[in-house]
2 protein chains.
Amino acid sequence: MAAPLPAAPGGSRGRRARRPSGDDRERAILATAEDLLGQRPLPDISVDDLARGAGISRPTFYFYFPSKDAVVLALLDRVVEEARESRSAALRRAGDDVRASWRGALEAVRGTFAAHRALTAAAASLLATSAEVRVLWAAIMDGFVEETAAAIEAERARGAAPAGPPARDLAVALNWMNERVIHVTYAGQTPALAEDDLIDVLLTVWLRTVYGTDTPGTAPA
Amino acid sequence: MAAPLPAAPGGSRGRRARRPSGDDRERAILATAEDLLGQRPLPDISVDDLARGAGISRPTFYFYFPSKDAVVLALLDRVVEEARESRSAALRRAGDDVRASWRGALEAVRGTFAAHRALTAAAASLLATSAEVRVLWAAIMDGFVEETAAAIEAERARGAAPAGPPARDLAVALNWMNERVIHVTYAGQTPALAEDDLIDVLLTVWLRTVYGTDTPGTAPA
DNA sequence: GAGCCGCTCGACACCGTGTCGAGTACCGTG
DNA sequence: CACGGTACTCGACACGGTGTCGAGCGGCTC
C-alpha cells in the first residue's frame, strides 16, 4: 500500500525510467487498477477507465505504461515478491517440527493469494495472453519448486523420507497442485475445497507424497 | 474428424438449431478453427479468419455461430466427451490390478489432451473470459472428482487405503494437480515434467496420497 | 408463378487500442 | 529576464475487430 520508493532508478520491469515527478500519477494508475479489479474482471476494464480513474487522459496513460497488461504486471511484481518472501520465511522458521514447517510454507502462499484475490484472478486471465506474465509466473513457480525439491532431498538424505521419483519432479507436481487448488478455491470455481479445509488437505497430500505418512518424524528411524 | 451427425436436432450447446443443409458450412468452420488453432493462438484468430477459411463472409459466420468462442466451445464439447469416456473405460477395465487401474485412468486423460494440445491451449485462454467454457470445464472436472472420490472410498472400505481427509477433498486436489501439470507440460511452459515422466510422477503422488505407498495391494491385510 | 425459407453478404455503427503532433508549464542556465 | 530544453498533457486520428441490419437470391412447394 505505502512503500514510497525513495528514488529507485532501476525499473525492474520494462515499464519506464522513473522520474521524481509524475510519480504520483504512476501510483494513481496503480491504485486505480487495484481498485477497479476489486469491482470487475480485467477484460472489462479499459485503458480509458484506468486513465480517468487516475485523473488523466488516455494518451497520457501511455506515457506511464505501455499497456493495460503492464499495469497488472507491475502490481503482480509486488505480490509475487511478497509471496516468495513470506514462504521462504515460513520455511526458515519452525526448523524443528517438520510438519509445522511444511504447513507454514503452505499457509504463507495461501495467505498471500487470499489477500490479493482480485489481482490473482487478473493474472490468471493474462496468463493466456501475456508472455511477460507467463515468464513472471514461471519464475515464481520455479523458485517454489527449487525450494521444495531441496527440502525433499534433505529429508531423504537424513532418512526421514523414502526414495522415489526425482525430488524435483514431485516438487513440480505438488506446487502446481497448490497453485490450481488455491486458485479455484478463492476464485469461487468448482470443484473446489472449503476455504477452511484447504491447508489440511494440501498438507496431507504433501506429507503423504514426501513421507508416505501423515505424521513424519514420529515413527521413522 | 469424421462423425457425420445424421440429423441430430438437439444442439446440446446453445449454438443454434441445426438444419439439414448448411451443415457442411458448420463443419467447415469447425475444421478451419481446428486447423488455425494448430498454427496460432486463439486471440490471434479473428472471426474473419474463420469465415474466410470456411469460404464464407463474416456476417454469414454469425448465421452459424454466435461468436468465436462458441466455435471453440463446440470443438471442446467433443474432446471433453472423449476424455470422459476414455477415462471411464480405463477405470472399468483392469479391475484386478489396482495400480494398473489408476495408471490407466491417468493415461487416458493424458492421451486425450496430448492429442488435442492446440484446442486445450485455446480452452485455457477462454477459461478466463468465457463463463460457458468455465462451466464446461467445471463439469468435466466434477465428473473426474466424483469418480475418483468413489474409487478412494471403495479402497478405504475394503481396507486397502488408510483413512484421512474426506475422499472428495483428496480427489479435488489430485485432479486439479493433473489438470495443471498436464497442461503446463504439453503447453511447453515451466516448470514442467518431461513428457515421458509425466504419468510415473503423477501416479506416485496419487498412490502415496491414497494408500501411503507406491505398491498398493501387496502389503496390506 | 407466388410465396416462403434457408442462406448470403455489403454496408454500417460501435468500441477499444495505440500513435502523432501540437501544445503547456516549469526548469536551469546565460 | 529571456531562452531552450525537458517533462508532461491531450485532441484528433487511424486502425482493427465485433456484431447487426436489411436487401437480395436461389430453390422448393403448393
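The structure reproduced in this document is the subject of the present report. (Residues numbered from 1 in each chain as written. Chains lettered and ligands numbered in written order. Predicted model: local features only at pLDDT ≥ 70, side-chain atom pairs only at ≥ 80, totals over all residues. Heavy atoms only, no water.)

**Observations regarding the nonpolar core**
Stage number 1. Of all hydrophobic cores here, the largest spans 140 residues; its most connected members are F61, F65 and M177 of chain A together with F61, F65 and M177 of chain B.
Stage number 2. Those residues in contact with M177 of chain B, other than ones at most four positions away along the chain, are A173 and M177 of chain A together with L202, V205 and W206 of chain B. (Core = buried A, V, L, I, M, F, W, Y, C linked by side-chain atoms within 4.5 Å. Buried < 20%, exposed > 50% of the residue type's maximum accessible area, 1.4 Å probe, protein only. Contact = heavy atoms within 4.5 Å.)

**A look at helix α9 (residues 198-211) of chain B**
Residue and element names in this part refer to chain B.
Stage number 1. Its 14 residues place the ends of α9 20 Å apart at the C-alpha level, agreeing with the 20 Å of an ideal helix rising 1.5 Å per residue.
Stage number 2. Burial of α9 is extensive: 13 of the 14 residues sit out of reach of the surface.
Stage number 3. The positive-phi residue at the C-terminal boundary of α9 is G212, with phi of around 85 degrees. (Helix = DSSP H or I, 4+ residues; strand = E, 2+ residues; numbered from the N terminus. Expected span 1.5 Å × (residues − 1).)

**Some details on the interface of chain B and chain A**
Stage number 1. Contact with chain B, which involves 41 residues of that partner, is made by 40 residues of chain A.
Stage number 2. For the chain B face of the interface with chain A, the top three residues by lost area are W176, P191 and R208 of chain B, together amounting to 23%.
Stage number 3. There are 0 salt bridges connecting chain B and chain A.
Stage number 4. Our enumeration of links across chain B and chain A arrives at 6 residue pairs in polar contact (both at pLDDT 80 or more).
Stage number 5. At the level of elements, α6 (117-127), α7 (131-157), α8 (167-186) and α9 of chain B are the ones that each hand at least two residues to the side of chain B that touches chain A.
Stage number 6. Among the elements that take part in the side of chain B that touches chain A, α8 of chain B stands out by supplying 12 residues, more than any other.
Stage number 7. Broken down by class, the residue content of the side of chain B that touches chain A amounts to 24 nonpolar, 8 polar and 9 charged. (Buried area = accessible area lost by both parts, 1.4 Å probe. Salt bridge = Lys/Arg side-chain N within 4 Å of Asp/Glu carboxyl O. Polar contact = N/O pair within 3.5 Å; in protein donor to acceptor, adjacent residues only side chain to side chain. Nonpolar A, V, L, I, M, F, W, Y, C, P; charged D, E, K, R; others polar.)

**Some remarks on the pattern of salt bridges**
Residues and elements named next belong to chain A.
Stage number 1. Under the definition given, this model contains 30 salt bridges over all chains.
Stage number 2. Residues R40 and D49 are paired through a salt bridge, measuring 3.1 Å at the closest nitrogen-oxygen approach.
Stage number 3. Since its relative accessible area comes to 24%, D49 is described here as partly exposed.
Stage number 4. Measuring nitrogen to oxygen at the nearest pair gives 3.8 Å for the salt bridge that ties R168 to D142. Of the two residues, R168 sits in helix α8 (residues 167-186) while D142 sits in helix α7 (residues 131-157), which places them 26 residues apart along the sequence.
Stage number 5. Among the residues examined, R168 registers a relative accessible area of 30% and is labelled partly exposed.
Stage number 6. Judged by relative accessible area, D142 falls into the partly exposed class, the value being 26%.
Stage number 7. Among the charged side chains, a network of salt bridges with common partners joins D23, D24 and R27.

**Some words on the side chain of E155 of chain A**
All names here are of chain A.
Stage number 1. Residue position: E155 is located in helix α7.
Stage number 2. Classification of E155 by relative accessible area gives buried; the value is 9%.
Stage number 3. Setting aside its immediate chain neighbours within four residues, E155 contacts V98, A160, A161 and Y211.

**Quick look at the relation of the copies chain B and chain A**
Stage number 1. Mapping chain B onto chain A calls for a rotation angle of 180 degrees and an axial translation of 0.0 Å; the resulting RMSD is 0.0 Å. Each copy turns onto its partner about a two-fold axis.
Stage number 2. Comparing interface residues between copies, 98% of those in chain B also sit at the interface in chain A, which points to an isologous, same-surface contact. (Least-squares fit on C-alpha atoms with pLDDT ≥ 70 in both.)

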